[in-house]
Structures are given as structure tokens and as C-alpha cells.
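Below are the chains, spelled out letter by letter.
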Amino acid sequence: MPESHAKLSSGVMKRLIAFYAAVFALNCFSILPRPLAYALACGAVDVYYLFDKRHRRVGLINLQIAFPGQSDAWRQRILKRSYRNLGKLVVEVSKFPKLTSKIISRRVSYSEGSLQRYLRAKEKRLGLLYLTAHISSWELLPFAHALYGHPLSFLVRPLNNPDLNRVLDSYRVRSGNRVIPKKNAIRPMLKVLKEKGDVGILIDQNVSPEEGVFAPLFGKEACTTNGLAMIALRAQAPVLPAFLLPAKKLGHYLIYFGEEVPLCQSGSVEENVRDTTARFNQVLEDIVRQYPECWLWVHKRWKTRPPGDEQIVYP
């Protein structure tokens, strides 16, 4: 067999294994009682953490950048809890088909003042933009909010595994939400806002210089998507911080909506986008500082560097 065909076959096999493993896990967790599902998911993630040297190293580099004053032991503890959040996320997604508006109220509620801030922003009738990120069980935020009667469209980067991506999207839309693929997303997002709908955009991933601007995050320039600022400035739509935060009891969460983030509009288009994005990053940083164990630390967040800046060597 030619080498190219062998690589293709190997890639297809890995994709199928990942797909069936993920579907099997979702089906198993969906029928298990939550305490048992959490225990199994976190146990599996703990084992994975031990062997996942590459992503562990990425996470520790990021934690060193964000929290240089903390000890190595503290950073390792936070990283391990961050891994466990991924296990809990899988459990939450597995339960989506069984969630209803009645059931969700037992698990997810609004933090004090959050629903009022959301409804106040909706009164402007300009559409609404969510400034959000990979915090806690982030997939549950739009799902729960939609079950409470507030569906939205949210921007996603499709998974590399198309079969698994179709499964995940089928779960995401069960409560009435709509998924907007990242490619060529500007027109669909503007259409939603024109119809006075809501759009969620995650801003915490590294992007290329063509897709973003450099803005401080934990005191270090981070290449951040310019999409949220550009859409907000163009549509003049309000931007609300929106995060799912852990409650004290395991498996319970709070939907948090912060105060509307003011847009910068006194400079050129480029300056306004850059300065507004910097404000967004500050909002994200404030949340991560409060809940460091809830953020996805294993992403190479500071990989893209400004011209002339020292490269960060990720594994």
C-alpha cells in the first residue's frame, strides 16, 4: 500500500475510533446517575492527565504567564481541576436530550441581577452579543438559557472530526439554539442581530494576525479575534459578558451576565476595534482570576506573537 494511502487509512481509523468512543461515552453518561457519571468522567480524566504530557506542559506554561507569583504546586492543582472540568462538561452534554425547562431549573439558575441585566439590554431592540469563553461547562450556558426561553445563535469552530462535529451540533440545537460555523460568519451574525436576536462569540482562543488584533491578557499581548468588536461596532449592538459559573453544589451552575461593556468609538476603525477588544480581554481576565480552575488552560493561547516579540515555545 502506498505511504499516502497508509496515512489516509490511519487517519480515517483514528477518526472513527474517536467518534465511536465519544458516542459511547455520551450514551453511557446519559443513562447513569449524575454522581456516578461525574465520578467516572473525572476518574477517566485523571488517568488521561497523567499520560497527557504535551497538554500538561501547555497548561503549565499558560499558568506561569497568567499567575507568575503562584507556586508550581498551585498551578498543577489548578490545571488538574481544569482537566476535571472537561470531564464534567462531557457529562453535562450527555444529559442534553433529557433536559427540559422544568428540569433545568433544578440545576442552573441566574446569578443575582444577571437576568435583569440581560432583559435590560434586550430592551434596546438592537440584538445582543455575548462576550463568552471556554469557562466551566460552557456548552450548558446557551442550552440552559434557551430552555429558559432565550434562544441564541453562537459562533463555533467545527471540530476536525466531521462525524463527531455533527453529533455535537445535534446536541447543541436541541433547546432551540442555532450554530453558526466560523467560516464566512459575518453575514449570518449581522442577519441575526438585524432580527433582534442574540449571538454568542467565544473570544479566548488564539487566532492568526489576519483574524485578530493584539490585546493584553494577563499582562501579555494575546492575538484575539476581532470579530466581536467589529460586529458590535458595526451593528451598535450591546455586548454583555456571559459565563456559566459553578455553584457550590456539584452539578449546579449559575448563568452570569455582567454589565454591558462600553465600546470604544473615538478613534479610527482599527483603533476602536483594538481598544474595544482590549476591554473584552480585561473582562475575561477578571473572570479567570476569580475562577482559574474553570478555564481551558491547555490551549496555546499566546502562541501568535506580535512582530519582534519573543516566541513562546509550546510543545
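A brief structural summary. (Residues numbered from 1 in each chain as written. Predicted model: local features only at pLDDT ≥ 70, side-chain atom pairs only at ≥ 80, totals over all residues. Heavy atoms only, no water.)

Here the focus is unusual backbone geometry. A positive phi angle, near 55°, is found at Arg125, a position not held by glycine. Along the chain, Arg125 falls in the loop between α6 (114–122) and β2 (128–132). By relative accessible area, which is 57% here, Arg125 ends up exposed. Phi is positive for Ser136, which is not a glycine, with a value near 55°. Among the structural elements, Ser136 can be located in the loop between β2 and α7 (140–147). Looking at Ser136, the relative accessible area reads 2%, which means it is buried. (Helix = DSSP H or I, 4+ residues; strand = E, 2+ residues; numbered from the N terminus. Buried < 20%, exposed > 50% of the residue type's maximum accessible area, 1.4 Å probe, protein only.)

A word on α7. Among the eight residues in α7, eight count as buried, and that is most of the element. Here α7 has its buried residues at Leu140, Leu141, Pro142, Phe143, Ala144, His145, Ala146 and Leu147.

Scanning the model with the defined rule gives 14 aromatic pairs in all. When the ring of Tyr118 is compared with that of Tyr130, the centres are 6.5 Å apart and the planes differ by 90°; the resulting orientation is edge-to-face. One end of the pair, Tyr118, is in helix α6; the other, Tyr130, is in strand β2, and 12 residues separate them in sequence. Given a relative accessible area of 2%, Tyr118 falls into the buried group. Each member of the aromatic cluster is reached from another via a ring pair, and the members are Phe67, Trp74, Phe218, Trp295, Trp297 and Trp302. Its guanidinium or amino end placed over the ring of Tyr49, Arg56 lies 5.4 Å from that ring's centre, counting from NZ or CZ. Stacked on the ring of Tyr171, the Lys or Arg Arg174 has its end atom at 5.4 Å from the ring centre. (Phe/Tyr/Trp six-rings, centres within 6.5 Å; stacked < 30°, edge-to-face > 60°. Lys NZ or Arg CZ within 6 Å of the ring centre and 35° of its normal.)

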